[in-house]
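# Coordinate analysis (summary)
One-letter residues, chain by chain:
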There are 2 protein chains.
Amino acid sequence: VSVSTVLQAYLQLEGEGLVETRPQSGHYVRSRERELPLEPLPTRPAPAPRPVTVSALVREVYAAARDPKVVPFGSSQLDPSLVPTARLGRAVSRLVREQPALTVQYDLPPGSPVLRQALARRSVTWGHALSPDDFVLTAGASEAVHLALLAVARPGDTVAIESPAYYGTLQCMEALGLKALEIPSHPRDGVQLDALEAALGRTKIAAVLLVPNFSNPLGSLMPDEAKEKLVGLLARHEVPLIEDDVYGDLHHGAHRPRVVQSFDRKGLVLLCGSFSKTLAAGYRVGWVAPGRYLERVELLKFAQSVATPTVLPLAIAELLRTGGYDRHLRSLRRHLAAQVLQVGSAIKRHFPEGTRVSRPQGGCLLWVELPGKADALQLFARARRERIGLVPGPLFSAQGRYANCLRLSCGFKLDARSEAALARLGQLAAMR
Amino acid sequence: VSVSTVLQAYLQLEGEGLVETRPQSGHYVRSRERELPLEPLPTRPAPAPRPVTVSALVREVYAAARDPKVVPFGSSQLDPSLVPTARLGRAVSRLVREQPALTVQYDLPPGSPVLRQALARRSVTWGHALSPDDFVLTAGASEAVHLALLAVARPGDTVAIESPAYYGTLQCMEALGLKALEIPSHPRDGVQLDALEAALGRTKIAAVLLVPNFSNPLGSLMPDEAKEKLVGLLARHEVPLIEDDVYGDLHHGAHRPRVVQSFDRKGLVLLCGSFSKTLAAGYRVGWVAPGRYLERVELLKFAQSVATPTVLPLAIAELLRTGGYDRHLRSLRRHLAAQVLQVGSAIKRHFPEGTRVSRPQGGCLLWVELPGKADALQLFARARRERIGLVPGPLFSAQGRYANCLRLSCGFKLDARSEAALARLGQLAAMR
């Protein structure tokens with residue numbers, strides 16, 4: 001059909017109230033919304049920095065996730081069938097066969113020029129224009145964030161974060177002896193800039209750390225205007241931003257959101273990313289574009305692990321070079337968007353009345369807020385006995401908040417067993 | 001021939017003064033010794049802790065080593081022809097083909113049980129008896145040492161090290177804000193225990209960090225009695241030891257030296273190792289057996305990089321399981337021992353009179369002490385222009401010592417070009 005026919009059809013559907021248009025995102029089927037639970041309200045963490053102590057709990061959750069029989073709503077791994085494992089594997093096989101010297105070489109910081117070139121080319125899709133020299137390759141985005149924190153903060157310093165925030169980042173801050181200042185956040189738009197501005201005026205903050213594109217766990221997306229405003233705010237206070245963009249390529253709508261760093265003119269943003277959420281978590285290939293902190297990050301990377309593996313980044317670079325990555329992303333995004341909707345509507349059917357669920361516009365995570373005095377840690381323990389995975393809410397706060405919340409991952413294709421697990425989880429959530 | 005014939009032959013050669021026996025090491029051809037330069041004297045660093053600031057220099061040396069045309073006496077990479085690259089490559093290819101799920105999996109700390117089992121079995125050859133549960137897998141020994149330091153020391157703390165000490169460790173200490181207390185060391189026996197004991201009585205020391213087996217750069221080997229005494233000393237002071245054993249498998253003599261941890265009964269030793277010096281630096285596979293600090297190290301590893309790559313440790317585990325590793329080590333050791341002797345005797349022929357060179361009983365590194373007021377940094381700059389690699393001495397000290405020293409790596413097979421480079425290096429060293 002022609003473009004004009006499609007546009008006509010959209011207009012008609014919109015007129016009938018069946019689809020809606022979201023700016024910079026695309027057309028969405030509106031009727032599904034009626035099947036979805038209410039969204040969570042903006043969060044209201046306490047406005048004081050706190051030392052972080054989540055690691056014992058993280059350890060427990062990870063021990064549970066190690067069980068290969070568990071229904072993987074707790075794990076952020078992708079379904080292998082959603083990833084071009086065979087193509088990547090062939091690239092690896094070819095590299096080890098044709099370049100035996102890779103086995104003994106140290107790929108010293110900043111890391112493989114081939115992959116850094118490929119990343120520089122991709123940065124255009126992020127609304128950006130980085131050069132290969134702007135990057136330092138890392139062992140996934142986790143190492144990137146760790147290095148970025150080491151570069152800009154010292155033990156005892158305060159780092160402002162979203163609330164709720166990814167427990168991996170909290171654990172990293174705990175290991176580095178940093179305090180967390182949780183900033184109120186909106187489940188659609190992310191961190192609340194007025195609250196952040198007030199905090200910057202009130203507290204000495206060494207850095208701000210955010211996941212602006214499809215945050216973990218809320219799935220929120222900062223609008224472009226907010227990103228630009230954020231950059232201005234940080235520039236005025238001369239405070240660096242660590243921007244974790246691991247989910248940016250997983251937009252459910254038509255457009256890839258911009259990175260905050262693309263608005264930055266002062267080199268204050270340290271942009272972190274990886275291929276773990278889109279392609280190959282097992283390869284541990286990530287990067288940081290550390291702005292004005294480039295030299296320091298490069299040295300810290302050297303001190304921390306000297307080099308990255310030689311073969312795996314090159315295999316990924318080949319996929320990027322040959323265009324296979326974009327094709328893969330299109331299909332992956334379609335699957336994840338569908339899985340997120342499916343799980344959301346299953347929650348509406350099976351969970352207690354009054355349960356609220358996020359509506360992420362990207363990624364594969366759902367944030368679930370149970371009604372009343374629900375206890376997510378107790379639910380976690382019960383679900384574990386029945387081999388159903390989930391991540392309890394208190395992991396996402398340095399203040400022990402979100403006792404009535406949980407995160408569910410939708411990176412796996414739903415089947416009869418996982419559908420049944422969701423129904424059972426709803427029953428367990430209703431128990432007192 | 002029979003064992004008794006060989007023993008007879010050895011006895012006869014020893015009687016004629018052609019070979020000598022070194023305890024726990026084997027028989028050595030004695031006549032070569034006459035072709036070798038004098039050995040360096042024990043070192044005498046200043047007895048006060050110092051902040052570390054080597055990283056700018058390390059950066060420069062690494063920039064030089066990136067030149068693919070450089071004669072690689074500066075690099076600690078192995079010659080690819082000395083490593084079973086094809087066998088490892090086939091293992092990698094099989095794994096990515098047969099286990100596609102490895103692509104998307106996180107190999108969470110403590111890391112692959114298969115490799116940890118293989119390491120536990122190998123620990124018998126270290127005079128030890130570790131269980132798979134004693135290990136945490138890391139990105140090479142560098143990450144292991146970084147994690148070990150994070151586990152036992154805080155910024156501002158003092159760590160006692162050999163002098164000279166590996167610049168990678170110094171850089172790691174710099175990044176972590178640690179002070180270095182350099183302990184006098186002997187080029188054959190390593191750290192001087194009486195000096196260490198005096199330092200422990202005088203200074204608050206958070207940890208001791210040593211390479212007891214074939215240290216970098218001296219190549220020294222602590223005798224077993226010294227290892228046992230060291231463990232007693234540290235136990236009395238309740239001070240942990242970070243033991244870097246990356247070179248232990250590269251003994252030139254008959255016996256693999258024991259690890260210090262095998263004497264420890266209090267869990268005070270954090271043993272670090274890797275396959276980077278013996279097999280596959282490009283795979284970044286290492287480990288730490290952190291004794292009583294196991295839980296803390298596991299959490300730190302999680303915070304620092306979440307996981308290790310999935311495929312590469314399994315490929316190495318396969319080589320260990322099928323016995324190919326021991327066969328490879330025997331051949332590698334023979335080559336390295338020969339290369340070290342060759343370079344040593346070339347230095348005797350080409351370098352200024354009075355040059356002293358270490359005589360390592362393992363590994364592939366030579367420590368060269370130039371006579372008079374030689375300036376290794378100047379020599380480094382001159383050699384760099386002529387594309388000859390070396391590491392200048394001041395990198396190995398937090399006190400800027402060893403201005404007249406350099407480290408040469410012998411991991412590459414000597415050929416006409418590298419022989420000529422050594423001769424030229426001798427000329428450059430003689431220039432004032």
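First, a word on scope: everything that follows refers to the structure included in this document. (Residues numbered from 1 in each chain as written. Chains lettered and ligands numbered in written order. Predicted model: local features only at pLDDT ≥ 70, side-chain atom pairs only at ≥ 80, totals over all residues. Heavy atoms only, no water.)

### Regarding the sheet that holds strand 13 (residues 365-369) of chain A
Convention followed: One requirement defines pairing of two strands: DSSP has to find at least two bridges between them. Only DSSP runs of H or I with at least four residues qualify as helices, and only runs of E with at least two residues qualify as strands; both kinds are numbered from the N terminus onward.
Spatial strand order, 12-13-15-14 (chain A): 4 strands in an open sheet with antiparallel pairing. For this open sheet the edge positions go to strand 12 (356-357) and strand 14 (391-392) of chain A, each flanked by a neighbour on one side alone.

### Here we look at the interface of chain A and chain B
The cut-off we apply is this: By definition in these notes, contact holds between two residues if any of their heavy atoms fall within 4.5 Å. Take the accessible area each of two parts loses on contact, using a 1.4 Å probe, and add the two losses: that sum is the buried area. For salt bridges, the criterion is a side-chain nitrogen of Lys or Arg within 4 Å of an Asp or Glu carboxyl oxygen. Any residue that is not Ala, Val, Leu, Ile, Met, Phe, Trp, Tyr, Cys, Pro, Asp, Glu, Lys or Arg is counted as polar, Gly included; the first ten are nonpolar and the last four charged.
Contact with chain A, which involves 56 residues of that partner, is made by 56 residues of chain B. Between chain A and chain B, roughly 4900 Å² of surface is buried when both sides are summed, and carbon and sulfur atoms account for 64% of that area. When the buried area of chain A at its contact with chain B is split by residue, A:Thr103, A:Val104 and A:Tyr106 rank highest and sum to 14% of it. Scanning the region where chain A abuts chain B turns up 4 salt bridges. Ionic pairing is found between B:Arg59 and A:Glu298, a salt bridge with its closest N-O pair at 3.6 Å. Residue composition of the side of chain A that touches chain B, by class: 32 nonpolar, 17 polar and 7 charged.

### Examining the nonpolar core
Keep this limit in mind: Residues grouped as a nonpolar core are buried Ala, Val, Leu, Ile, Met, Phe, Trp, Tyr and Cys residues, joined through side-chain atoms within 4.5 Å. The classification of residues rests on relative accessible area computed with a 1.4 Å probe and restricted to protein chains. Under 20% of the type maximum is buried, over 50% is exposed, and intermediate values are partly exposed.
A:Leu149, A:Leu408, B:Leu149 and B:Leu408 are the most contacted members of the largest nonpolar core, which totals 160 residues. Excluding its chain neighbours within four sequence positions, the residues that come into contact with B:Leu408 are B:Phe73, B:Val343, B:Ile347, B:Cys364, B:Leu365, B:Leu366, B:Val368, B:Gly389, B:Leu390, B:Leu422 and B:Leu425.

### So, the packing of aromatic side chains
This is how it is decided: Centre distance within 6.5 Å is the pairing criterion for rings of Phe, Tyr and Trp, where only the six-membered ring of Trp is used; planes under 30 degrees apart are then read as stacked, over 60 as edge-to-face, and the remainder as tilted. Think of it as a cone above the ring: NZ of Lys or CZ of Arg counts as a charge over the ring if it is within 6 Å of the ring centre and within 35 degrees of the ring normal.
For the structure shown, the criterion picks out 20 aromatic pairs over all chains. Taken together, A:Tyr62, A:Tyr166, A:Tyr167, A:Trp367, A:Phe396, A:Tyr402 and B:Phe302 form an aromatic cluster joined through their ring pairs. The ring of A:Phe263 carries A:Arg258 above its face, with NZ or CZ at 3.9 Å from the centroid.

### Thoughts on unusual backbone geometry
Here the amide bond leading from A:Asn216 into A:Pro217 is cis, since omega sits at 20°, within 30 degrees of zero. Among the structural elements, A:Pro217 can be located in the loop between strand 8 (207-210) and helix 9 (224-237). Here the amide bond leading from B:Ser163 into B:Pro164 is cis, since omega sits at 0°, within 30 degrees of zero. Despite not being glycine, A:Phe214 has its phi angle at roughly 60°, a positive value.

### Re the environment of A:Ala141
All names here are of chain A. Here alanine 141 is to be found in helix 6 (residues 140-152). Once the C-alpha coordinates of alanine 141 and lysine 277 are considered, the two residues, 136 residues apart in sequence, prove to be 9.8 Å apart. Excluding residues that lie within four positions of it along the chain, alanine 141 makes contacts with Asp244, Val246, Gly273, Ser274 and Gly286.

### Remarks on the relation of the copies chain A and chain B
Filter applied, for reference: For the least-squares superposition of copies, only C-alpha atoms count, and only for residues with pLDDT at least 70 in both.
For the pair chain A and chain B, the relating rotation is 180°, the translation along its axis is 0.0 Å, and the fit reaches an RMSD of 0.2 Å. Each copy turns onto its partner about a two-fold axis. For chain A, the residue whose C-alpha comes nearest the rotation axis is A:Ser93, separated from it by 2.4 Å. Most of the interface of chain A is mirrored in chain B, where 100% of its interface residues are also at the interface.

### Looking at the environment of B:Gly248
All names here are of chain B. With respect to the helices, strands and loops of the structure, glycine 248 is situated in the loop between strand 9 (241-244) and strand 10 (269-274). Along the backbone, glycine 248 and lysine 277 are 29 residues apart, and their C-alpha atoms lie at a distance of 9.6 Å. Those residues in contact with glycine 248, other than ones at most four positions away along the chain, are Asn213, Phe214, Arg256 and Pro257.

### Some details on a nonpolar patch on the surface
All names here are of chain A. We count it as follows: Two joining distances apply to patches: 9 Å for like charges and 5 Å for nonpolar side chains (Val, Leu, Ile, Met, Phe, Trp, Tyr), and every residue must have over 30% relative accessible area and no salt bridge. Residue burial considers only the protein chains on display, and all accessible areas are found by Shrake-Rupley using a 1.4 Å probe.
Judged by side-chain polarity, Val1, Val3, Val6, Leu7, Tyr10 and Leu13 come together as a nonpolar surface patch covering roughly 570 Å² of accessible area. By secondary structure assignment, the location of leucine 7 is in helix 1 (residues 3-15). Take leucine 7: its relative accessible area is 47%, and that puts it in the partly exposed class.

### Overview of the state of the cysteines
Threshold: Throughout, a disulfide means two cysteine sulfur atoms within 2.5 Å of one another.
Summed over the entire model, instances satisfying the criterion amount to 0 disulfides over all chains. This cysteine, A:Cys272, is not joined by any disulfide, and A:Cys172 carries the nearest cysteine sulfur, 9.9 Å off. Between B:Cys405, a free cysteine, and B:Cys410, which holds the nearest cysteine sulfur, the sulfur-to-sulfur gap is 16 Å.

### Brief notes about the packing of helix 8 (residues 193-202) of chain B against helix 9 (residues 224-237) of chain B
The packing of two helices is summarised by the inter-axis angle and the distance between the axes. All names here are of chain B. What counts, and what does not: All axes here are fitted lines through C-alpha atoms, helices being fitted over the stretch that makes contact, and every angle between N-to-C directions spans 0 to 180 degrees. An angle counts as roughly parallel when it lies under 35 degrees, as roughly antiparallel when it exceeds 145, as roughly perpendicular when it falls between 65 and 115, and as oblique in every other case.
Their axes nearest at 11 Å, the elements helix 8 and helix 9 cross at an angle of 5°. With respect to helix 9, the axis of helix 8 lies roughly parallel. Each of Leu193, Leu196, Glu197, Leu200 and Gly201 in helix 8 lies in contact with helix 9, whose residues at this interface are Ala226, Lys229, Leu230, Leu233, Leu234, Arg236 and His237. By residue class, the composition of the contact of helix 8 with helix 9 is 7 nonpolar, 2 polar and 3 charged.

### Digging into the pattern of salt bridges
Going through the model one piece at a time under the given rule, you end up with 30 salt bridges over all chains. With a closest N to O distance of 2.7 Å, A:Arg424 and A:Glu386 form a salt bridge. A residue pair is termed long-range when its members are at least 10 positions apart, and A:Arg424 in helix 15 (residues 416-430) and A:Glu386 in the loop between helix 14 (376-385) and strand 14 qualify at 38 residues. Its relative accessible area of 35% is what places A:Glu386 among the partly exposed residues. One connected set of salt bridges, linked through shared partners, spans A:Arg59, B:Glu295 and B:Glu298.

### Some thoughts on the pairing of strand 1 (residues 19-22) of chain B
Residues and elements named next belong to chain B. With 4 bridges connecting them, strand 1 and strand 2 (residues 26-29) associate as antiparallel partners. Of the residues in strand 2, the one forming a bridge with glutamate 20 is tyrosine 28. Hairpin connection of strand 1 to strand 2: 3 residues between the antiparallel strands, including glutamine 24 at a positive phi of 60°.

### Observations regarding helix 4 (residues 85-98) of chain A
The criterion, for reference: One fewer than the residue count of a helix, multiplied by 1.5 Å, yields its expected span.
Helix length check: helix 4 of chain A (14 residues) gives 20 Å between terminal C-alpha atoms against 20 Å at 1.5 Å per residue, within 8%. Of the surrounding secondary structure, the elements contacted by the buried residues of helix 4 of chain A are helix 10 (276-280) and helix 12 (311-321) of chain A together with helix 4 (85-98) of chain B.

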